[in-house]
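Breakdown of the fold
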Amino acid sequence: MFKTARSKFQTWITAGAGTIAALLVAGLMGAFGALPAHAPPQLPPDAAIDAGRWRVQPARAYVSRAKLYGVALKPGQKALVLEADLTNRTAQSDKAYFNVFKPDGIDLPDSTPMIALARDSTLTPELHPGMTERMAYVWPLAGNAAVPANLSFGVTAEIFKPRDNLYGTPGWFNSYRLGTVTMPVADLPESGS
Amino acid sequence: MRIRAIGNLLIVAATVVLSYGMQVSKPHYAELTAPIPIDGAMHDTVRARSFDVRLDRMVFARTLKTNQFGQERLLTTSGLWAVAATNLTATSTSTTVADGTWQGPTGLRYRQTERLSYRQDMPPHAVDPELERSGLFVFELPADQIRGASLLIAARQFGPLDAQARISLDAVPTGADGQPADVLPLYDLDAPAPPQGQTRQDQTRQGKT
Amino acid sequence: MSAVSTDIDPAGGGEKKWRRRGLAALAILLPLTLAETSYESIREWLHGEDLIARDVEFGQGAPFGGSEWRLADLRGGKAGRLPEHALAVIATFAVTVGDPDLQKQWLGCKVMLTDAAGRRWLPDFISGVSLPDGVMNCTSAIFSGAKKGEIISVGETFIVPEDAIETIRPAIGLGSERPWFLRFQRPPK
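Residues numbered from 1 in each chain as written. Chains lettered and ligands numbered in written order. Predicted model: local features only at pLDDT ≥ 70, side-chain atom pairs only at ≥ 80, totals over all residues.

1. Quick look at the overall build of chain C
The criterion, for reference: We count a stretch as a helix when DSSP gives it H or I for four or more residues in a row; a strand needs E for two or more, and each element gets its number in order from the N terminus. A radius of gyration in this sense is built from C-alpha atoms; the matching globule rule multiplies 2.2 Å by the number of residues raised to 0.38. Residue burial is a threshold on neighbouring C-beta atoms within 10 Å of the residue's own C-beta, all placed from the backbone, with 20 or more meaning buried, 12 or fewer meaning exposed, and counts in between meaning partly exposed. By the convention adopted here, residues make contact when the C-beta atoms placed from their backbones lie within 7 Å.
If you tally the helices and strands in chain C, you get 3 helices and 11 strands. Listed N to C, the secondary structure of chain C is α-β-β-β-β-α-β-β-β-β-α-β-β-β in terms of helices and strands. Rg of the C-alpha trace for chain C: 27 Å, well past the compact-globule value of 16 Å for 189 residues, more than 25% over. Taken along the three principal axes of its C-alpha coordinates, chain C extends 95 × 40 × 30 Å. For chain C, with 189 residues in total, the buried portion stands at 31%. Within chain C, contacts between residues at least 6 apart in sequence are counted, and of these 73% link residues at least 24 apart.

2. Remarks on the overall build of chain B
A count of helices and strands for chain B gives 2 helices and 14 strands. In terms of overall dimensions, chain B is more spread out than a globule: its C-alpha atoms have a radius of gyration of 23 Å, far above the 17 Å expected for 209 residues. Across its three principal directions, the C-alpha atoms of chain B cover 90 × 50 × 25 Å. Within chain B, the fraction of its 209 residues that count as buried is 34%. Partitioning the contacts of chain B with sequence separation of at least 6, the portion at a separation of at least 24 is 75%.

3. Here's the deal with helix H1 (residues 5-34) of chain A
All names here are of chain A. Note the following rule: Expected helix span is given by 1.5 Å per residue-to-residue step, counting one fewer step than there are residues. Each residue is assigned a bend, namely the angle between axes fitted to the seven residues that terminate at it and the seven residues that start at it.
Its 30 residues give H1 an end-to-end C-alpha distance of 41 Å, which sits within 8% of 44 Å, the value for a rise of 1.5 Å per residue. By the largest-angle criterion, Gly16 marks the main kink of H1, which is about 45°. Counting buried positions along H1 yields 0 of 30 residues, so the element is predominantly exposed.

4. A word on the pairing of strand E4 (residues 77-88) of chain A
Residue and element names in this part refer to chain A. Here is the rule: By definition, two strands form a pair when at least two bridges between them are found by DSSP.
With 10 bridges connecting them, strand E3 (residues 54-64) and E4 associate as antiparallel partners. Opposite Arg60, over in E4, you have Glu83 as the bridge partner. By the bridge criterion, 10 bridges tie E4 to strand E7 (residues 133-142) in an arrangement that is antiparallel. Residue pairing in the sheet places Leu82 in a bridge with Tyr137 of E7.

5. Details of the environment of Arg81(C)
By secondary structure assignment, the location of Arg81(C) is in the loop between strand E3 (67-77) and strand E4 (86-96). Here Arg81(C) falls in the partly exposed class, since 13 other C-beta atoms lie within 10 Å of it.

6. With respect to the sheet that holds strand E11 (residues 150-154) of chain B
All names here are of chain B. Using the following cut-off: Note on geometry: axes are C-alpha line fits, over the in-contact stretch for helices, and angles between N-to-C directions span 0 to 180 degrees.
In space, the 5 strands of this open sheet follow the order E1-E12-E11-E7-E8, with mixed pairing throughout. Two strands lie at the open edges of the sheet, namely strand E1 (36-41) and strand E8 (109-111), each paired on one side alone. Strand-to-strand, the axes of this sheet are offset by a mean angle of 25°, without reference to chain direction. Two elements, E11 and strand E12 (residues 163-168), share 5 bridges in a ladder whose sense is antiparallel. Residue pairing in the sheet places Ala154 in a bridge with Gln164 of E12.

7. A look at the environment of Ala94(C)
All names here are of chain C. With respect to the helices and strands, the residue Ala94 is situated in strand E4. Between the alpha carbons of Ala94 and Trp69 there is a distance of 6.2 Å; along the sequence they are 25 residues apart. In this structure, Ala94 is in contact with Arg70, Ala72, Ile151 and Ser153, ignoring residues within four places of it in sequence.

8. Section: the sheet that holds strand E6 (residues 120-121) of chain C
Residue and element names in this part refer to chain C. The 5 strands lie next to each other as E1-E11-E10-E5-E6, forming an open sheet whose pairing is mixed. One side of each edge strand has no neighbouring strand; the edge strands of this open sheet are strand E1 (52-56) and E6. In the sheet, E1 pairs with strand E11 (residues 180-184) via 5 bridges, with the strands oriented parallel. When the sheet's bridge partners are listed, Val56 is paired in E11 with Phe184.

9. Quick word on the confidence of the model for chain B
Residues and elements named next belong to chain B. Operational definition: As a per-residue measure, pLDDT tells how confident the predictor is, with possible values from 0 to 100.
Residues with a pLDDT of 70 or more make up 91% of chain B, whose mean pLDDT is 87. The least confident element of chain B is strand E14 (residues 198-200), whose mean pLDDT is 36; the most confident is E11, at 97. Contacts of residues 194-209 to residues separated by more than four positions or lying in other chains number 34 contacts, the stretch itself having pLDDT below 50.

10. Section: the interface of chain B and chain A
Interfaces are often sized by the accessible area lost when the parts come together. Just so we agree on the cut-off: Throughout, the ten residues Ala, Val, Leu, Ile, Met, Phe, Trp, Tyr, Cys and Pro are labelled nonpolar, Asp, Glu, Lys and Arg are labelled charged, and all others, Gly among them, are labelled polar.
Each side of the interface is counted separately: chain B has 16 residues, and chain A has 18 residues. Secondary structure elements with two or more residues in the side of chain B that touches chain A: helix H2 (29-32) and E8 of chain B. Among the elements that take part in the side of chain B that touches chain A, E8(B) stands out by supplying 3 residues, more than any other. By residue class, the composition of the side of chain B that touches chain A is 6 nonpolar, 5 polar and 5 charged.

11. So, helix H1 (residues 2-25) of chain B
For H1(B), which comprises 24 residues, the first-to-last C-alpha distance of 35 Å matches the rise-based estimate of 34 Å (1.5 Å per residue) to within 8%. With respect to burial, H1(B) is a largely exposed element, only 0 of its 24 residues being buried.

What follows is the structure in structure tokens.
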């Protein structure tokens, strides 16, 4: 089909250009990925944080050995509790606050916390737009687990997309770690209840 | 030749304008599959596809009083409680009406509270043809979401292309500050006309033997 | 590019002919594609709805969902806590179990009352009214472990408005039989 060696060479280059470009891009991305990642920033513990759909303000953190906010603990367990004020920044009632806080460097038997409305211990109610509520995040821990006096909690946020890629509907996607907030952890004595 | 070129250019330009206009005005997928609203006012019977609903009464209160397993509970809120007392009937087949949403004047959507879900007169309401049943929808709202709001009632929460009753709440008297004229300090949910002792026997779950 | 030759003869009428055939094929293939893609949805919809009634005379049995169904009793009256202008109705069926795999055959069991206008009432719980002894509701019957040949009593309670009571007829729908459902003639007065 091809008449000269030159045209053959040209065909090879033309056909291979895409592959070469792909290889270059992949190599560059690999090189950037190998760079040390930026550590997520420290967030102020005494100011409200805009974290995607939630505005959060941590209030206090403590370890409890008694039943609190209606969350019963198994015998021998204790619980790490983070109380925070949550405000729904979106346009509709929502309860996607399960992953907003996560304690760093602690061995959790179950990484999903129990979350209760501090007002009346309702478990995981929907929060309504613009209405701030004190919520208690309760992580059960083994009775002998060590909890540092100052504990950092990772704060996760999501980004809003007016049109998602699948249906073109608005929504919150691509969760990312917004930063870290460090709280002193009080150790409540047994007679909490 | 020149005229022809200009004509072609005009056609291309017109096509670009038309395509751009179509792209901009294309409705969202969410809008295309949204529930179909049926408008009505307070005290009117609004006829949705599978049920009829009439909003009889709106009560606003700072605190709700309720009984849970024989124990008295007081429910507080950072805003106001809005209790919508409705009258429901099924149109042709027994069905359930489960979703109530308060749409504020700027479009914010407050779904019915989940803090009272143990009560009998809370959604889902089981309704039968030609049998009137009273059902409550209870919301937690900031006080500035009351003037110009509407109450949305649908058979279920995600009902694409199903009917949704949209009841305008303009009849609710509000003061100059937008707050409702009448806010009770405490409203006892068990004090008014007791709910009819009628609930749907669950078809899928086990009843009594 | 001149080095590459084409297979289709540009001069002859072949191309034109094939173009026309392609156009004709489109007229057949498009509806076929539509039918193929919507087939599953339509089938699923039909299997979830009680659409076509199969009428049964009173006193007669009819095979349905692997068993033999007969209307045993239909009675109404004022009882228990009822809304105004409403009556309590109890419908009871005598069922001779054929295929004992009720969890498969009777899945989605729905007992209902239909009236002359086509309205349908589903079972309600009425405080103060319970089923007669030995009668169970359909869901309990599914898990009762009834054997082949056994005759069981299946019944439900309903709340029906007074003006519909004259024309109501009990009906039964089962997941394994939809879109067909059984509709029973009322017992003679």
